[in-house]
Amino acid sequence: MKAVLPKYFSSEWSFAQFALPAEAGKTVCAFGSSPDEPHSFVVVTADGEFYKCTFDPDSGGACKNERYDKFVDESGAGFSTGATAGGGGGGGGGGGG
């Protein structure tokens, strides 16, 4: 995959970073468009995890995880009600794929 993406995306020196656990698998990412949180993005993983994050457009750095939800339980049989604010994920280098 590194051969396809520009060096910027594999660099730990990018403007803002949000890292997912290695076992997150495939992900879909999108930037938010809410007037209340214009500097936000969401990440949804193949195993049913949802992250809502914000970033500081002036200083960059580690993104803040504002919300975490897991929509599929560990057996993959249904929905979980484990909604939390500020849980899961974290800062660090690289993106989430």
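Before any of the text, the structure's been laid out above.
Okay, so let's go over this structure. Remember, predicted model here, so these are calculated numbers, not experimental data.

The next subject is the packing of aromatic side chains. Given two aromatic rings, their pairing is described by the distance between the two centres and the angle made by the two planes. Summed over all chains, the structure comprises seven aromatic pairs. Seen in terms of ring centroids, Phe 18 and Phe 41 are 6.0 Å apart; in terms of plane orientation they differ by 75°. Their pairing is edge-to-face. Note that Phe 18 is positioned in the loop between β1 (16–17) and β2 (27–31) and Phe 41 in strand β3 (residues 40–45), a separation of 23 residues in sequence. With respect to burial, Phe 18 and Phe 41 carry one shared label: buried. Where Tyr 51 meets Tyr 68, the ring centres are 5.2 Å apart and the plane angle is 55°; that geometry is what we call tilted. On the criterion of sequence distance, the pair formed by Tyr 51 in strand β4 (residues 49–54) and Tyr 68 in strand β6 (residues 64–70) is long-range, its members being 17 residues apart. Residue classification places Tyr 68 among the buried residues on the basis of a relative accessible area of 14%. Counting every residue linked through ring pairs, the aromatic cluster contains Phe 18, Phe 31, Phe 41, Tyr 51, Phe 55 and Tyr 68.

On to the nonpolar core, then. Most often, soluble globular proteins keep nonpolar side chains buried together rather than apart. Among the nonpolar cores identified, the biggest contains nine residues, and these are Phe 18, Leu 20, Ala 24, Phe 41, Val 43, Tyr 51, Cys 53, Cys 63 and Tyr 68. For this core, the elements supplying multiple residues, two or more each, are β3 and β4.

Calculation criteria
- Residues numbered from 1 in each chain as written.
- Predicted model: local features only at pLDDT ≥ 70, side-chain atom pairs only at ≥ 80, totals over all residues.
- Heavy atoms only, no water.
- Phe/Tyr/Trp six-rings, centres within 6.5 Å; stacked < 30°, edge-to-face > 60°.
- Helix = DSSP H or I, 4+ residues; strand = E, 2+ residues; numbered from the N terminus.
- Buried < 20%, exposed > 50% of the residue type's maximum accessible area, 1.4 Å probe, protein only.
- Core = buried A, V, L, I, M, F, W, Y, C linked by side-chain atoms within 4.5 Å.

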